[in-house]
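Structural overview
These are the residues of each chain, in order.
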Amino acid sequence: MKMTHPDCGRRLAGKYELLALAGEGGMAEVFRAQTCGAAGFTRPVAVKRILPHLTDNDEFVRMFVEEARVVSELSHPNVVQIHDFDQDEDGAYFLVMEWVEGLSLLDWSEAHRGAGVLTPWPLVAAIGIEVLKALGAAHERRSQDGAHHPIYHRDVTPQNILLGVGGVVKLADFGLARAMDRARMTAPDVVKGKLSYLSPELTRGGEASAQTDIFGLGIVLWETLTGRKLFDGSGPLQVLEAVKAAEVPPLDGFRLDLPRTLEDVIKTALAAEPEQRYASTRKMVRALSNLLRMTPEPTSAEVLGKTVKRSQERLAESRPSEMRESTQMLELGALEAVKPATPPPIPSDATAIPLTQKKS
Ligand SMILES: Nc1ncnc2c1ncn2[C@@H]1O[C@H](COP(=O)(O)OP(=O)(O)OP(=O)(O)O)[C@@H](O)[C@H]1O
Ligand SMILES: [Mg+2]
C-alpha cells in the first residue's frame, strides 16, 4: 500500500500541490491536494490523475474531456463538483475536483462490518435519498436551449459515494464510465469490481437510462445493508451472468430489523426489467422519504456525520500500522490518506453479521 506517494509535495501545472494519495481506482489515482494562489492562499481539492496507459489512449482522453466538460456544468449539492482539467509536465491528464473530507460508502460499510454492527438502515435510506437527488439532477438536465439532455452516471458504486464528516453525501465520477464505454474500452479494461454494478440491460448491450442508475443504487443499498456483494463470481463472465440473472436474495435472510417497505423499495429498484423499476428518481425518493417518516430514528446530517467520524476511528483502530506510518497525515486531519489504495473486497461467503437489532 502506498502511504506516501513519490509525487507528494509535487506541484502540477504550477498550481496544484499533491499532499497525499487518497486512493486508486481502475482509471486514475486520487490525491488530496491544494490549490496554491497568491498571498499564500490555499484551498483543499482532489486531483484525479489518469493512469499512464489511459493517458496514451487518445480516444479515451478525448471522451474523458468531453464528459468532464458536460459534468462540470452540473452544479448540485450532492454532486462532486469538477473545477478544472489539465495536463501535468509529464503529459498526464488530471481532473481537479472538490475535496470531500470523510470516507467512501464502502469504507463506512467496512467500518460497521469490522466492528460487528449493522449499518443503521434509516441512515442507509437517507444516503440513498441524497444519491437519488444527485442522479435526478443529472437525469433532468437541460441544455441552454431548454432541450432535455440527461446525463446517466452508469457507475453508481459504494466507492463513488462519498460521505463527508459534516454528514454531506456526494456522488463522484459522473460520466466517466461513459467515456470508458465510448472509447470502446472492453471488459478486460474494466476492473472486475465494476462489472458487479452493471445492470442487466447493459450486459445485453442495451442503452443506459434513469433506470440503469436506479438499479446501480439498488445494488449499493442492498450491499450496504448486508455487508456482502450482491452479484459476484469467480471471473468477469460469471459476474456478468449473475448481473444478467438479477437474482436478489431477500434481505431478511441477512438481518431481521428492516421494515418490509424498505425491502420492497430495494426490490423495485432491482427489478430485472427496467420498466418494472421506479419510473424516476423522484418516485424512489418519495418511497424512501415516506418510509423515513414512519421511523423516530434521526437521519440528519449531524447524525450521519457522527457515524462518519466514528467509522474513521474504527478504520484507524483496525489499521494501526497504517496509522503509525501516517502520523503527519493525521495531524492534517487527512484520515482518507491512511486507507489502503484498494479496499478489501466484501467476501461473498462471509458469515452473517450478528444481529444487534430486533425486527421492527
Ligand atoms: N473528491 C474526492 N474527495 C475525497 N476523496 C475522494 C474524492 N474522489 C475520490 N476519492 C477517494 O479516492 C478513492 C479512489 O477514487 P477513484 O475514483 O479513483 O476510484 P474508484 O471510485 O474506486 O474506482 P473508479 O476508477 O471506477 O472511479 C475513492 O474510493 C475515494 O475514497
Ligand atoms: Mg471513483
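This section reports on the structure supplied with the text. (Residues numbered from 1 in each chain as written. Chains lettered and ligands numbered in written order. Predicted model: local features only at pLDDT ≥ 70, side-chain atom pairs only at ≥ 80, totals over all residues.)

**Concerning the site of ligand 1**
Around ligand 1 sit 24 residues in total, of which Gly-23, Gly-25, Val-30, Ala-46 and Gln-159 are the nearest. Of all the secondary-structure elements, those providing two or more residues to the shell around ligand 1 are strand S2 (16-24), strand S3 (28-36), strand S4 (42-50) and strand S6 (93-98). Taken together, the residues of the shell around ligand 1 break down into 11 nonpolar, 6 polar and 7 charged. Looking at the shell around ligand 1, you find at least three residues from each of domain 1 (11-98) and domain 2 (102-318). (Near = placed C-beta within 6 Å. Helix = DSSP H or I, 4+ residues; strand = E, 2+ residues; numbered from the N terminus. Nonpolar A, V, L, I, M, F, W, Y, C, P; charged D, E, K, R; others polar. Domains from an automatic or database assignment.)

**Here we look at the sheet that holds S2**
With antiparallel pairing, the 6 strands of this open sheet are ordered in space as S1-S2-S3-S4-S6-S5. Each end of this open sheet is capped by a strand with a single partner; those strands are strand S1 (11-12) and strand S5 (82-87). Pairing analysis gives 5 bridges linking S5 to S6, with the strands arranged antiparallel. Note that in S6 the partner of Ile-82 across the bridge is Met-97. Contacts from helix H2 (residues 58-72) reach S4, S5 and S6, with the element oriented near 155° to S5. (Pairing = 2+ DSSP bridges. Contact = placed C-beta atoms within 7 Å. Axes fitted to C-alpha atoms, helices over the stretch in contact; angles between N-to-C directions.)

**Here we look at the packing of helix H4 (residues 121-139) against helix H8 (residues 210-226)**
Two elements in contact, H4 and H8, have axes whose closest approach is 11 Å; the angle formed by their N-to-C orientations is 160°. Classified by the angle between their axes, H4 and H8 sit roughly antiparallel to one another. Between H4 and H8 lies a crossing of right-handed hand. On the side of H4, the interface is formed by Trp-121, Val-124, Gly-128, Val-131, Leu-132, Leu-135 and His-139, while H8 contributes Ala-210, Asp-213, Leu-217, Leu-221, Thr-224 and Leu-225. (Parallel < 35°, antiparallel > 145°, perpendicular 65-115°, else oblique. Left-handed = near helix turned anticlockwise from the far one by under 90°.)

**Some details on the packing of helix H10 (residues 260-269) against helix H11 (residues 281-293)**
At a minimum axis separation of 10 Å, H10 and H11 run at an interaxial angle of 170°. With respect to each other, H10 and H11 are oriented roughly antiparallel. Residue-level contacts link Thr-261, Leu-262, Val-265 and Ala-269 of H10 to Met-284, Ala-287, Leu-288 and Leu-291 of H11. Considered class by class, the residues forming the contact of H10 with H11 number 7 nonpolar, 1 polar and no charged.

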